[in-house]
Amino acid sequence: MARGPKPVALSLTAPERETLEALVRRRSIHQDVAMRARIVLACADSRATNTAIARRLGVSRQSVVTWRQRFLAHRLDGLSDAPRSGAPRRVGDDEIERLIALTLETQPSAATHWSTRSMAQHVGLSQTMVSRVWRAFGLQPHRQETFKLSRDPAFVDKVRDVVGLYLNPPDRALVLCVDEKPQIQAVEGTTPLLPMRPGQVERHSHDYRRHGTTNLFAALNVKTGSVIGACTRRHRSEEFRAFLDQVEASVPADLDVHLVLDNASSHKTRLVHDWLVKRPRWHLHFTPTSASWLNLVEGWFSLLTRRCLQRGVFVSTDSLKAAIHAYIEQTNLDPKPFIWTKSADEILASVKRFCQRTLNSHH
């Protein structure tokens, strides 16, 4: 038999139950709050005892008793932490509001951004307090990122066209993302690498010798993740047309081919146009200007750079080309497609929200 007094009955309204179940499902919520919601939901079962609930949820019986009583007294508001004991606050809400306003709306006279120490000196608070407030409100004045908004007048139509290919590819068709990575340098450090060892990362000299460059054309199969690549000395329309010949020889003859590519001038010359006119199964889909993120092959280029090129040592362009082709072969041995998840409407809504938040965006 259960020891102690019989637990006080706890009943939930439909909105309360819905809110508690949402807290349990939410991934971003603190686990303490999620556990309190589980306890309250379990306490709503009139047949469950505090001991049985504690055993099932892996908490102490006292925790179950505490949150049952807190919920009965304060309902959903009782799930939050009660004010803790200790010394009273010495920094009021007005001072914190002023600190945040200064951080967002001003800059120091001799610098481009505030530091915790310069702000502390300016407002008369401690450096620790400024740091705590910035962390609490997600302010990072020392960081800066870049962005680029496309000014293509056909931006909306091109986004819908390309994303439609990713999410709903045509039947009996192959979707390829094509782009070039120009001027890849074959570089070698002036001194040998110092290898990694316990407590010490790999080190290389900051200066290097150049041994020439190469250009890479690549076509990523959206469905399979396999790659067709070719290294060339230059990246003119002649080299691009030769790469199209290579792609055509690699794809089944009974499938239509849809190419996603950018607006480089080498893609729109008479030479390429005449090549396409003779091959009606080929269809071109251009990404908007300044929107290379819409081309899935850019993701593969990023992996190639980080895993093969960035820390590679190449004593000649031949060794650079060999490394690139080896990486392509390795990719094709176990290809993994890049899965596009956002719809065109979600992308356009995100761009709209960004423009509305950005002053003087001219969009």
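In what follows, the structure referred to is the one given above.
Residues numbered from 1 in each chain as written. Predicted model: local features only at pLDDT ≥ 70, side-chain atom pairs only at ≥ 80, totals over all residues. Heavy atoms only, no water.

Caption draft 1: Highlighting the overall build of the protein chain. Helix and strand content of the protein chain: 13 helices and five strands. In terms of overall dimensions, the protein chain is more spread out than a globule: its C-alpha atoms have a radius of gyration of 30 Å, far above the 21 Å expected for 363 residues. Along the first, second and third principal axes, the C-alpha atoms of the protein chain reach 85 × 60 × 50 Å. Within the protein chain, the proportion of its 363 residues that are buried is 36%. Counting contacts in the protein chain only where the partners sit at least 6 residues apart, residues at least 24 apart contribute 67% of the total. Total accessible area on the protein chain is roughly 23500 Å²; 52% of this is exposed by carbon and sulfur atoms. (Helix = DSSP H or I, 4+ residues; strand = E, 2+ residues; numbered from the N terminus. Rg over C-alpha atoms; globule rule 2.2 N^0.38 Å. Buried < 20%, exposed > 50% of the residue type's maximum accessible area, 1.4 Å probe, protein only. Contact = heavy atoms within 4.5 Å. Areas by Shrake-Rupley, 256 points an atom, 1.4 Å probe, with all protein chains shown as cover.)

Caption draft 2: Fine view of the sheet that holds strand β1 (residues 173-189). In spatial order, the strands read β3-β2-β1-β4-β5; together these five strands make up an open sheet with mixed pairing. With one partner strand each, in any of the chains shown, β3 (227-232) and β5 (282-286) form the two edges of the open sheet. Adjacent strand axes in the sheet meet at a mean angle of 25° when their direction is disregarded. Two elements, β1 and strand β4 (residues 256-261), share five bridges in a ladder whose sense is parallel. (Pairing = 2+ DSSP bridges. Axes fitted to C-alpha atoms, helices over the stretch in contact; angles between N-to-C directions.)

Caption draft 3: Focus on the pattern of salt bridges. Within the structure shown, the criterion is met by 13 salt bridges. The partner of R143 in a salt bridge is E145, with the nearest N and O atoms 3.3 Å apart. Classification of R143 as partly exposed rests on a relative accessible area of 47%. Of the residues examined, E145 reaches a relative accessible area of 65% and is grouped as exposed. Note that D345 and R160 form a salt bridge whose closest N and O atoms lie 2.8 Å from each other. Of the two residues, D345 sits in helix α13 (residues 344-357) while R160 sits in helix α8 (residues 155-167), which places them 185 residues apart along the sequence. A relative accessible area of 41% places R160 in the partly exposed class. Within the structure, one salt-bridge network assembled from shared partners comprises R236, E238 and E239. (Salt bridge = Lys/Arg side-chain N within 4 Å of Asp/Glu carboxyl O.)

Caption draft 4: Seen up close, α8. The terminal C-alpha atoms of α8 lie 18 Å apart, and with 13 residues this matches the ideal 18 Å at 1.5 Å per residue to within 8%. Turning to α8, its buried residues are F155, K158, V159, V162, V163, L165 and Y166. For α8, the angular spread of buried residues about the axis comes to 150°, placing them on one side. Buried residues along α8 sit against β1, β4, β5 and α13. (Expected span 1.5 Å × (residues − 1). Arc of directions from axis to C-beta.)

Caption draft 5: Spotlight on the nonpolar core. If you look at the biggest cluster of nonpolar residues, it comprises 36 residues, and the most contacted ones within it are L216 and W300. Put simply, the parts of the chain that give this core at least two residues each are α8, β1, β2 (208-221), β3, α11 (297-309), α12 (317-333) and α13. The leading source of residues in this core is α11, at seven residues. Leave out the neighbours within four places in its chain, and L216 touches D179, E180, K181, I184, G229, A230, C231, W300, F301, L304, I324 and I328. Residues V40, L57, W67 and F71 belong to the second largest nonpolar core, which totals 20 residues. (Core = buried A, V, L, I, M, F, W, Y, C linked by side-chain atoms within 4.5 Å.)

Caption draft 6: Quick peek at unusual backbone geometry. The residue R75 is not glycine, and still its phi comes out positive at about 55°. Within the secondary structure, R75 sits in the loop between α4 (61-74) and α5 (93-105). Classification of R75 by relative accessible area gives partly exposed; the value is 28%. With a phi close to 55°, Q183 is a non-glycine residue in the positive phi region.

Caption draft 7: Broad picture of a nonpolar patch on the surface. On the surface, L193, V313 and V315 cluster together to form a nonpolar patch covering roughly 240 Å² of accessible area. Within the secondary structure, V315 is located in the loop between α11 and α12. (Patch = residues over 30% accessible without salt bridge, like charges linked within 9 Å, V, L, I, M, F, W, Y side chains within 5 Å.)

Caption draft 8: Summary view of the packing of aromatic side chains. Applying the stated criterion to the full structure yields seven aromatic pairs. A ring pair is formed by F147 and F354, whose centres lie 5.2 Å apart and whose planes are at 65°; its orientation type is edge-to-face. Separated by 207 residues along the polypeptide, F147 in the loop between α7 (127-137) and α8 and F354 in helix α13 bring together distant segments of the chain. On the basis of relative accessible area, F354 is assigned to the partly exposed category, the value being 26%. Seen in terms of ring centroids, Y166 and W340 are 5.2 Å apart; in terms of plane orientation they differ by 45°. Their pairing is tilted. Note that Y166 is positioned in helix α8 and W340 in the loop between α12 and α13, a separation of 174 residues in sequence. (Phe/Tyr/Trp six-rings, centres within 6.5 Å; stacked < 30°, edge-to-face > 60°.)

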